[in-house]
Structures are given as C-alpha cells and as structure tokens.
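So the chains spell out like this:
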Amino acid sequence: QVQLVESGGGLVQAGGSLRLSCAASGSIFSINIMGWYRQPPGKQRELVARMTSDGRINYADSVKGRFTISRDNVKNTVYLQMNSLKPEDTAVYYCNIDADGFRYWGQGTQVTVSS
C-alpha cells in the first residue's frame, strides 16, 4: 500500500508564495517520476511540473520561471515552490508519482490566490 500525503496549500494574495510538499510512504522500491498536477475550477486536470529520478524536469509553460519542483529521494518527498502566484493559479493541486510500474495520486490540496 502506497500513500501520498500533501501539505502546504492555502490562501495567498497575488504575488505571494507557497510551498507544497508531498511525502510518499508504504511499500515502495523505486520512484521514477514525481510531479504535480492541478485542476482549476470547472477545468480538467493539467500537468504543472514533474521530475524524473535522474533529474529531468518538465514545467507547464504557464508556470515556467515562477514555480520550482524539487525532490528528496531519501525522504521520498517532492516539493513545489510557487512564487509570483496569480489568481489563475487557483486550483486543487495533486501530487503524482510513478513507482514500481504503478501510478499513485495524492488527495489534493487547495491553493487559492486572491487578486
């Protein structure tokens, strides 16, 4: 059984910052990809950023230069540092990992950016 526990969401004013964390626990041998997705109100879930075990990173164009993904392979934790937040960043943010051939999702954490 694999569990993902997210933290760090909340309410922030435009221009502010938040840091999301997601810790994976349970029967994990190897994590390949760790990443973050988000689902804005009334829209589909979309990729925000993801990072492979060898350090390759992909960002959505909308967050490049503002968000930074990082991971701690010892702690099986992935982080998302979000700076210069905009109201359009408001969404439920989901942690996602590809581990041992399976894909797992976190429960989601709400990020709300006020104008």
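Residues numbered from 1 in each chain as written. Predicted model: local features only at pLDDT ≥ 70, side-chain atom pairs only at ≥ 80, totals over all residues. Heavy atoms only, no water.

Peer 1: Quick one: what's the story with the packing of aromatic side chains, residue by residue and with numbers?
Peer 2: Applying the stated rule across the entire model yields 2 aromatic pairs. A centroid spacing of 5.0 Å and a plane angle of 65° characterise the contact between Y37 and W105, whose relative ring orientation is edge-to-face. Of this pair, Y37 sits in strand β4 (residues 31-39) while W105 sits in strand β10 (residues 102-105), and the two are 68 residues apart along the sequence. Judged by its relative accessible area of 35%, W105 is partly exposed. With a centroid separation of 6.5 Å and an interplanar angle of 45°, the aromatic rings of F102 and Y104 are classed as tilted. (Phe/Tyr/Trp six-rings, centres within 6.5 Å; stacked < 30°, edge-to-face > 60°. Helix = DSSP H or I, 4+ residues; strand = E, 2+ residues; numbered from the N terminus. Buried < 20%, exposed > 50% of the residue type's maximum accessible area, 1.4 Å probe, protein only.)

Peer 1: Outline the state of the cysteines, supporting the account with residue identities and numerical values.
Peer 2: Between two cysteines, a covalent bond joining their sulfur atoms is known as a disulfide. Summed over the entire model, instances satisfying the criterion amount to 1 disulfide. In this model, C22 is linked to C95 through a disulfide, with the two sulfur atoms separated by 2.1 Å. Around the S-S axis, the bridge from C22 to C95 shows a dihedral of about -80° and counts as left-handed. Of the two residues, C22 sits in strand β3 (residues 18-26) while C95 sits in strand β9 (residues 91-99), which places them 73 residues apart along the sequence. The class of C22 is buried, set by a relative accessible area of 0%. (Disulfide = S-S within 2.5 Å.)

Peer 1: Would you mind going over the pattern of salt bridges in detail, with residue names and values included?
Peer 2: Counted under the stated rule, the structure contains 6 salt bridges. Note that D89 and R38 form a salt bridge whose closest N and O atoms lie 3.0 Å from each other. Of this pair, D89 sits in the loop between β8 (77-82) and β9 while R38 sits in strand β4, placing them 51 residues apart in sequence. R38 sits in the buried class, given a relative accessible area of 4%. In this structure, the salt-bridge partner of K64 is D61, at a minimum N-O distance of 3.1 Å. Taking relative accessible area as the criterion, D61 reaches 64% and is therefore assigned exposed. Bridged by salt links that share partners, the residues R38, E46, R66 and D89 form one connected network. (Salt bridge = Lys/Arg side-chain N within 4 Å of Asp/Glu carboxyl O.)

Peer 1: How would you explain the pairing of strand β1 (residues 2-7) if you had to name every residue and give the values?
Peer 2: Because side chains alternate across β1, one face comprises the buried residues V2, L4 and E6, and the other comprises Q3, V5 and S7, none of which is buried. Bridge analysis of β1 against β3 gives 6 bridges, and the strand direction is antiparallel. Residue pairing across strands places L4 opposite A24, the latter belonging to β3. (Pairing = 2+ DSSP bridges.)

Peer 1: Could you give an account of the sheet that holds β1, with specific residues and numbers?
Peer 2: Spatially, 4 strands are ordered β1-β3-β8-β7 in an open sheet, and the strand pairing comes out antiparallel. Either end of the sheet is taken by a strand with one partner, and the two such strands are β1 and β7 (67-72). Going from strand to strand, the sheet's axes swing by 15° on average, the running direction of each strand aside. Pairing of β3 with β8, which is carried by 6 bridges, proceeds in the antiparallel orientation. Of the residues in β8, the one forming a bridge with S21 is Y79. (Axes fitted to C-alpha atoms, helices over the stretch in contact; angles between N-to-C directions.)

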